[in-house]
Amino acid sequence: MDPQLQALLDKQAITELVHAYCNASDRHDHDKLRELYHPDATDDHGAFFKGLAMEFIDQLPQIQAPMEILHHNVTTVNLALEVDYAEGEIYVLAFHKVRTEEGTLDLMVGGRYFDKYTKRAGQWKFSERAVVADWATITSPSAVDLSHPLIDGSHLGCPGPQDPSYSFFRLLRRGERTK
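Residues numbered from 1 in each chain as written. Predicted model: local features only at pLDDT ≥ 70, side-chain atom pairs only at ≥ 80, totals over all residues. Heavy atoms only, no water.

### So, the pairing of strand 5 (residues 103–120)
- Here strand 4 (residues 85–100) pairs with strand 5 via 16 bridges, running antiparallel. When the bridges of strand 5 are listed, tyrosine 91 appears paired with arginine 112.
- Between strand 4 and strand 5, which pair antiparallel one after the other, the connecting turn spans two residues.
- With antiparallel pairing between neighbouring strands as the criterion, strand 5 and strand 6 (residues 123–139) make up a hairpin whose turn holds two residues, including alanine 121 at a positive phi of roughly 50 degrees. (Pairing = 2+ DSSP bridges. Helix = DSSP H or I, 4+ residues; strand = E, 2+ residues; numbered from the N terminus.)

Here it is in C-alpha coordinates:
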(Lines give C-alpha, C1' and ligand atoms only; values in the text may rest on other atoms or scores of the structure.)
Protein backbone atom coordinates (compact mmCIF):
# COMPACT_ATOMS: atom_id res chain seq x y z
CA MET A 1 0.00 0.00 0.00
CA ASP A 2 1.10 3.55 -0.64
CA PRO A 3 2.84 4.79 2.58
CA GLN A 4 0.87 8.06 2.61
CA LEU A 5 -2.43 6.20 2.34
CA GLN A 6 -1.37 3.81 5.12
CA ALA A 7 -0.44 6.79 7.32
CA LEU A 8 -3.88 8.34 6.73
CA LEU A 9 -5.61 5.06 7.60
CA ASP A 10 -3.49 4.69 10.74
CA LYS A 11 -4.16 8.26 11.86
CA GLN A 12 -7.88 7.78 11.29
CA ALA A 13 -7.84 4.57 13.34
CA ILE A 14 -6.03 6.39 16.18
CA THR A 15 -8.50 9.29 16.04
CA GLU A 16 -11.39 6.82 16.29
CA LEU A 17 -9.63 5.20 19.26
CA VAL A 18 -9.43 8.59 21.01
CA HIS A 19 -13.11 9.25 20.36
CA ALA A 20 -14.07 5.76 21.55
CA TYR A 21 -12.28 6.51 24.84
CA CYS A 22 -14.42 9.62 25.32
CA ASN A 23 -17.62 7.73 24.56
CA ALA A 24 -16.74 4.81 26.84
CA SER A 25 -15.73 7.16 29.69
CA ASP A 26 -18.87 9.28 29.42
CA ARG A 27 -21.19 6.27 29.29
CA HIS A 28 -19.26 4.48 32.08
CA ASP A 29 -18.73 1.62 29.64
CA HIS A 30 -15.82 -0.17 31.29
CA ASP A 31 -15.93 -3.21 28.99
CA LYS A 32 -15.40 -0.96 25.99
CA LEU A 33 -12.60 0.90 27.78
CA ARG A 34 -10.76 -2.38 28.31
CA GLU A 35 -10.82 -3.00 24.55
CA LEU A 36 -9.03 0.30 23.89
CA TYR A 37 -5.87 -0.42 25.90
CA HIS A 38 -3.23 -3.09 25.41
CA PRO A 39 -3.17 -5.40 28.48
CA ASP A 40 0.19 -3.96 29.63
CA ALA A 41 -0.77 -0.31 29.01
CA THR A 42 -0.32 2.34 31.68
CA ASP A 43 -2.46 5.29 32.69
CA ASP A 44 -1.21 8.35 34.58
CA HIS A 45 -3.87 10.63 36.05
CA GLY A 46 -1.28 12.32 38.33
CA ALA A 47 -1.88 11.98 42.07
CA PHE A 48 -5.32 10.55 41.27
CA PHE A 49 -3.97 7.31 39.73
CA LYS A 50 -0.76 6.05 38.15
CA GLY A 51 -0.30 2.43 37.09
CA LEU A 52 -1.71 -0.25 34.81
CA ALA A 53 -4.68 0.96 32.80
CA MET A 54 -6.65 -2.20 33.62
CA GLU A 55 -6.28 -1.44 37.33
CA PHE A 56 -7.51 2.10 36.70
CA ILE A 57 -10.55 0.74 34.86
CA ASP A 58 -11.20 -1.63 37.80
CA GLN A 59 -11.47 1.46 40.05
CA LEU A 60 -13.70 3.47 37.72
CA PRO A 61 -17.10 2.24 39.02
CA GLN A 62 -16.25 3.72 42.43
CA ILE A 63 -14.61 6.84 40.98
CA GLN A 64 -17.50 7.54 38.60
CA ALA A 65 -20.31 6.72 41.05
CA PRO A 66 -20.83 10.37 42.12
CA MET A 67 -20.55 11.70 38.55
CA GLU A 68 -24.04 12.50 37.31
CA ILE A 69 -22.64 13.89 34.06
CA LEU A 70 -19.30 13.21 32.41
CA HIS A 71 -18.77 14.79 29.00
CA HIS A 72 -15.44 14.71 27.11
CA ASN A 73 -14.96 16.88 24.02
CA VAL A 74 -11.83 16.39 21.92
CA THR A 75 -10.67 19.55 20.18
CA THR A 76 -7.13 19.54 18.75
CA VAL A 77 -5.52 16.26 17.71
CA ASN A 78 -1.78 16.25 17.04
CA LEU A 79 -0.45 12.87 15.91
CA ALA A 80 3.01 11.65 14.93
CA LEU A 81 3.36 8.23 13.35
CA GLU A 82 6.27 5.84 12.91
CA VAL A 83 5.19 2.48 11.42
CA ASP A 84 3.44 0.63 14.32
CA TYR A 85 4.13 3.29 16.97
CA ALA A 86 2.50 6.69 17.34
CA GLU A 87 2.27 9.58 19.76
CA GLY A 88 -0.59 11.99 20.29
CA GLU A 89 -1.16 15.25 22.09
CA ILE A 90 -4.93 15.40 22.38
CA TYR A 91 -6.66 18.53 23.66
CA VAL A 92 -9.82 17.86 25.64
CA LEU A 93 -12.56 19.77 27.44
CA ALA A 94 -14.03 17.53 30.13
CA PHE A 95 -17.19 18.54 32.01
CA HIS A 96 -18.13 16.76 35.23
CA LYS A 97 -21.28 17.23 37.32
CA VAL A 98 -20.41 15.64 40.65
CA ARG A 99 -22.49 14.83 43.74
CA THR A 100 -20.80 15.78 47.00
CA GLU A 101 -21.96 15.87 50.62
CA GLU A 102 -22.59 19.61 50.17
CA GLY A 103 -24.62 19.16 46.96
CA THR A 104 -23.67 19.01 43.30
CA LEU A 105 -20.87 20.95 41.66
CA ASP A 106 -19.63 21.42 38.12
CA LEU A 107 -16.00 20.84 37.20
CA MET A 108 -14.81 21.89 33.75
CA VAL A 109 -11.25 20.90 32.91
CA GLY A 110 -9.32 22.04 29.87
CA GLY A 111 -6.44 19.70 29.40
CA ARG A 112 -4.48 17.37 27.20
CA TYR A 113 -3.82 13.67 26.91
CA PHE A 114 -0.24 12.66 26.21
CA ASP A 115 -0.68 9.35 24.44
CA LYS A 116 1.52 6.60 23.08
CA TYR A 117 -0.14 4.07 20.80
CA THR A 118 1.06 0.81 19.38
CA LYS A 119 -0.37 -1.30 16.61
CA ARG A 120 -0.38 -4.98 17.52
CA ALA A 121 -2.07 -7.69 15.48
CA GLY A 122 -3.24 -4.96 13.11
CA GLN A 123 -5.07 -2.91 15.75
CA TRP A 124 -4.13 0.43 17.30
CA LYS A 125 -4.55 0.70 21.08
CA PHE A 126 -3.27 2.85 23.89
CA SER A 127 0.05 1.74 25.35
CA GLU A 128 0.48 4.83 27.59
CA ARG A 129 -1.82 7.69 28.52
CA ALA A 130 -1.05 10.66 30.76
CA VAL A 131 -3.53 13.39 31.65
CA VAL A 132 -2.46 17.03 31.95
CA ALA A 133 -4.77 19.75 33.28
CA ASP A 134 -4.12 23.18 31.79
CA TRP A 135 -7.02 24.93 33.53
CA ALA A 136 -10.14 24.15 35.55
CA THR A 137 -13.30 25.95 36.59
CA ILE A 138 -15.50 24.86 39.49
CA THR A 139 -19.09 26.03 39.89
CA SER A 140 -20.77 25.24 43.20
CA PRO A 141 -23.62 24.67 43.36
CA SER A 142 -24.02 23.13 39.92
CA ALA A 143 -25.40 25.41 37.22
CA VAL A 144 -26.83 22.48 35.24
CA ASP A 145 -30.63 22.61 35.03
CA LEU A 146 -32.16 19.79 33.00
CA SER A 147 -35.62 20.60 34.38
CA HIS A 148 -35.80 24.00 32.66
CA PRO A 149 -38.86 24.41 30.37
CA LEU A 150 -36.57 24.85 27.33
CA ILE A 151 -35.28 21.30 27.92
CA ASP A 152 -38.68 19.81 28.80
CA GLY A 153 -39.43 16.81 26.60
CA SER A 154 -35.86 16.38 25.39
CA HIS A 155 -34.13 13.03 25.47
CA LEU A 156 -31.60 13.21 28.29
CA GLY A 157 -28.25 11.46 28.21
CA CYS A 158 -27.01 9.56 31.22
CA PRO A 159 -24.12 7.31 32.20
CA GLY A 160 -24.63 3.59 31.90
CA PRO A 161 -26.73 1.29 29.73
CA GLN A 162 -29.90 3.43 30.10
CA ASP A 163 -28.40 6.15 27.89
CA PRO A 164 -30.75 6.72 24.90
CA SER A 165 -27.94 5.97 22.43
CA TYR A 166 -28.10 2.26 23.25
CA SER A 167 -31.71 1.91 22.15
CA PHE A 168 -31.21 4.18 19.13
CA PHE A 169 -28.12 2.72 17.48
CA ARG A 170 -27.64 -0.70 15.96
CA LEU A 171 -23.93 -0.36 15.04
CA LEU A 172 -22.67 1.73 17.97
CA ARG A 173 -23.13 -0.72 20.81
CA ARG A 174 -22.30 -0.71 24.50
CA GLY A 175 -19.20 -2.68 25.41
CA GLU A 176 -17.95 -2.83 21.82
CA ARG A 177 -15.35 -0.88 19.93
CA THR A 178 -16.70 0.40 16.63
CA LYS A 179 -15.43 -1.72 13.77
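### Considering the side chain of aspartate 106
- Tracing the chain through its elements places aspartate 106 in strand 5.
- The buried charged residue aspartate 106 lacks any salt bridge partner; its closest oppositely charged side chain belongs to lysine 97, at an N-O distance of 6.1 Å.
- Reaching out from aspartate 106, the side chain makes a polar contact with the side chain of serine 142 at a distance of 2.5 Å.
- Within polar-contact distance, the side chain of aspartate 106 engages the backbone nitrogen of alanine 143 at 2.7 Å.
- Once you skip the residues sitting within four places of it in the chain, aspartate 106 turns out to touch Phe95, His96, Lys97, Thr137, Ile138, Thr139, Ser142, Ala143 and Val144. (Buried < 20%, exposed > 50% of the residue type's maximum accessible area, 1.4 Å probe, protein only. Lys, Arg positive; Asp, Glu negative; His and termini not counted. Salt bridge = Lys/Arg side-chain N within 4 Å of Asp/Glu carboxyl O. Polar contact = N/O pair within 3.5 Å; in protein donor to acceptor, adjacent residues only side chain to side chain. Contact = heavy atoms within 4.5 Å.)

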